[in-house]
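Descriptive analysis of the structure
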Amino acid sequence: MMVLVINCGSSSIKYQLFDMSNESVLAKGLVERIGLDKASLNHKPAYKEGTVISANIENHSIGIRMVLDALVDKKIGVIDTLEKIAAVGHRVLHGGRKFSDSVLIDSAVMAAIEECVELGPLHNPANILGINACGELMPGVPQVAVFDTGFHQTMPPHVYLYGLPYEAYEKYGIRRYGFHGTSHRYVSQRAAQLMGDREDLRLITCHLGNGASVAAIRDGKCYDTSMGLTPLEGLVMGTRCGEIDPAIVPFLMKKTGMTPDQVDAYMNKKSGLLGLSGVSNDVRDIEEAALRGDERANIALEVYCYRVRKCIGSYAAAMGGVDAIIFTAGLGENSISMRSRICHGLEFLGAQLDPDKNAIRGKEQEVSVDGAPVRIYVIPTNEELVIARDSIEICSALGKVDKTADKPQAMEKFA
Ligand code: ADP
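Residues numbered from 1 in each chain as written. Predicted model: local features only at pLDDT ≥ 70, side-chain atom pairs only at ≥ 80, totals over all residues. Heavy atoms only, no water.

The next thing to look at is the nonpolar core. Inside soluble globular proteins, nonpolar side chains tend to come together where they are buried. With 80 residues, the main nonpolar core has I204, C206, L208, Y304, V308 and I325 as its most contacted residues. Of the residues forming this core, the biggest block, eleven residues, is contributed by helix 11 (residues 295–319). Of the domains in this structure, domain 1 (2–147 + 383–397) and domain 2 (198–378) are the two that each give at least three residues to this core. Apart from residues lying up to four places away in sequence, Y304 is in contact with L208, G209, A212, V236, M237, L273, L331 and M338. If you look at the next biggest cluster of nonpolar residues, it comprises 30 residues, including L4, A70, I79 and A133. (Core = buried A, V, L, I, M, F, W, Y, C linked by side-chain atoms within 4.5 Å. Buried < 20%, exposed > 50% of the residue type's maximum accessible area, 1.4 Å probe, protein only. Helix = DSSP H or I, 4+ residues; strand = E, 2+ residues; numbered from the N terminus. Domains from an automatic or database assignment. Contact = heavy atoms within 4.5 Å.)

With that settled, the discussion passes to the sheet that holds strand 7 (residues 103–104). Read across the open sheet, the eight strands follow the order 5-4-3-2-1-6-8-7; overall the sheet is mixed. Of all the strands in the sheet, the pair left with one neighbour each is strand 5 (51–54) and strand 7. With seven bridges connecting them, strand 1 (residues 2–8) and strand 2 (residues 13–19) associate as antiparallel partners. Bridge pairing in strand 2 links M2 to D19. (Pairing = 2+ DSSP bridges.)

Another point: the pairing of strand 4 (residues 40–45). As paired strands, strand 3 (residues 24–32) and strand 4 are joined by six bridges and run antiparallel to one another. Bridge pairing in strand 4 links A27 to P45. Judged from the four bridges that link them, strand 4 and strand 5 form a sheet pairing that is antiparallel. Paired with H43 across the strands is T51, a residue of strand 5. Hairpin connection, strand 4 to strand 5: the antiparallel pair is bridged by five residues.

Turning next to the sheet that holds strand 9 (residues 202–208). Pairing is mixed across the open sheet formed by six strands, whose spatial order is 11-10-9-12-14-13. In the strand order of this sheet, the two ends are held by strand 11 (221–225) and strand 13 (365–366), each with one partner. Against the sheet, helix 13 (residues 336–343) makes contact with strand 9, strand 12 (324–328) and strand 14 (375–378), and its axis sits at roughly 150 degrees relative to strand 12, the strand it touches most. (Axes fitted to C-alpha atoms, helices over the stretch in contact; angles between N-to-C directions.)

For strand 6 (residues 85–92), the buried fraction is high: seven of the eight residues fall into the buried class. Two strands pair when backbone bridges link them, and strand 1 and strand 6 are joined in this way by five bridges, in the parallel orientation. Along strand 6, the bridge assignment pairs L4 with V88. Sheet topology note: the strand 6/strand 8 (residues 143–147) ladder contains five bridges and is parallel. Residue V92 lies in a different strand from strand 8, and its bridge partner there is F147.

Applying the stated criterion to the full structure yields 18 salt bridges. Put simply, E23 and R389 hold a salt bridge, and the shortest N to O gap is 2.8 Å. Pair noted here: E23 is in the loop between strand 2 and strand 3 and R389 is in helix 14 (residues 383–397), with a separation of 366 residues, a long-range link. Here K357 ties to D370 by a salt bridge, and the two come within 2.7 Å at their closest N and O atoms. Of the two residues, K357 is situated in the loop between helix 13 and strand 13 and D370 in the loop between strand 13 and strand 14; the sequence distance between them amounts to 13 residues. Overall, D370 belongs to the exposed group, its relative accessible area being 67%. Salt bridges here are not isolated pairs; linked through shared partners, they connect R91, D148 and E383. (Salt bridge = Lys/Arg side-chain N within 4 Å of Asp/Glu carboxyl O.)

Our focus in this paragraph is the environment of L4. Take L4: it is sitting in strand 1. Under the relative-accessibility criterion, L4 is labelled buried at 0%. The sequence separation of L4 and S391 amounts to 387 residues, and the corresponding C-alpha distance is 9.3 Å. Those residues in contact with L4 that lie beyond four places of it in its chain are Y15, Q16, L17, L68, L71, I85, A87, V88, G89 and M138.

A word on the packing of helix 6 (residues 181–194) against helix 14. Put simply, helix 6 and helix 14 touch, their axes get as near as 9 Å, and they point 90 degrees apart. Put simply, helix 6 runs roughly perpendicular to helix 14. Contacts from T182, S183, R185 and Y186 of helix 6 reach helix 14 at E383, L385, V386, I387, R389 and D390. Here the residues of the contact of helix 6 with helix 14 are counted per class, giving four nonpolar, two polar and four charged. (Parallel < 35°, antiparallel > 145°, perpendicular 65-115°, else oblique. Nonpolar A, V, L, I, M, F, W, Y, C, P; charged D, E, K, R; others polar.)

Moving on to the domain arrangement of the protein chain. As far as domains go, the protein chain holds domain 1 (2–147 + 383–397) and domain 2 (198–378). Taking only C-alpha atoms into account, the centre of domain 1 sits 29 Å from that of domain 2.

Locating N358 in the fold gives a position in the loop between helix 13 and strand 13. A polar atom in the side chain of N358 sits 3.2 Å from the backbone oxygen of I336. Apart from residues lying up to four places away in sequence, N358 is in contact with I336, R339, S340, L353 and V367. (Polar contact = N/O pair within 3.5 Å; in protein donor to acceptor, adjacent residues only side chain to side chain.)

Rendered as structure tokens:
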């Protein structure tokens, strides 16, 4: 049984086609620059040569049509007919207060995703375009929405409320929602498995990619997370400033004459590691510059690590302790030096990194010293697999697909 996973951005579509009999990826790819010049589809089948197709891709519907054509193409395709696709799973950024779990998409769900556009103005409209396009091109195939905010809906009120007048929450839904929920859910569940299928755990998961967030997870449920109403709050990120004194916003606007949209772009696109270092938003470039003696680059890295370390410490306090710390996403999985820098100073908690075990990239491994009271893991995230699994579970529970029809096949990994 095949599941197509779709992640639509404002001008892009990422996709993966899963064979759920063994959870292997048959093909994946990216449509880029939708509605812009030099648009293209980069299609990568698992066991064939990949290809890049340049085309005029005016909208998401045309982009998704190209993806579906590529999947069944004689030369670069991986299935003979689209009828093999049993379900489509969509990553949806904002589910607001309505969605704590993934759901089968119907008109009421679409209306609710529409209502959340003001909370996720950059992503939710693109997600809606993707869902509509799949509905048109694959009529009758069930579609499931998996929300980035869903996993964090278990946060209690004293964690999600801001210190603003209560009416800001009641009238406008201003509260902390949190993001990267699918990733925090995946790596925390995997850590619990690695720790002997325990449920009574206090975990701190660090999703450190271009966007970055930390979550405190107690007994399998999210207790706190560093992103808020939007993905701007919390850690210093690739290009986002993270937590700042809110008075800086009116101060900057008065000083520079920036409009609300301009100040929003200043904080989201020009800040963080990029703005601090003046070099790049990519840690690899900044580390190179720091090694050449660029002091600003070095300070940018230290600001980044200090914020993550501080967040880990505060979540240990919030949960009354911590059993394991998990690193994931581009930087968390791959940067040996940044993991080391972040953990330096956490020994008082009982968390001690083993330098030899830590010398790995992109691989699942415990990296703490043997016998340390707090374990540290690197666990590569797999948000697409969570979306595919949720899609099958939901469709099967509602009788939309028969997952028992699938015979388990040998698993082959597509890196
Ligand atoms: P996104 O949030 O866009 O999905 P990723 O999870 O792919 O981002 O993370 C991208 C970031 O991960 C890069 O900007 C870079 O800072 C960091 N990164 C990736 N590979 C390495 C590496 N080998 N060493 C250090 N940092 C890395």
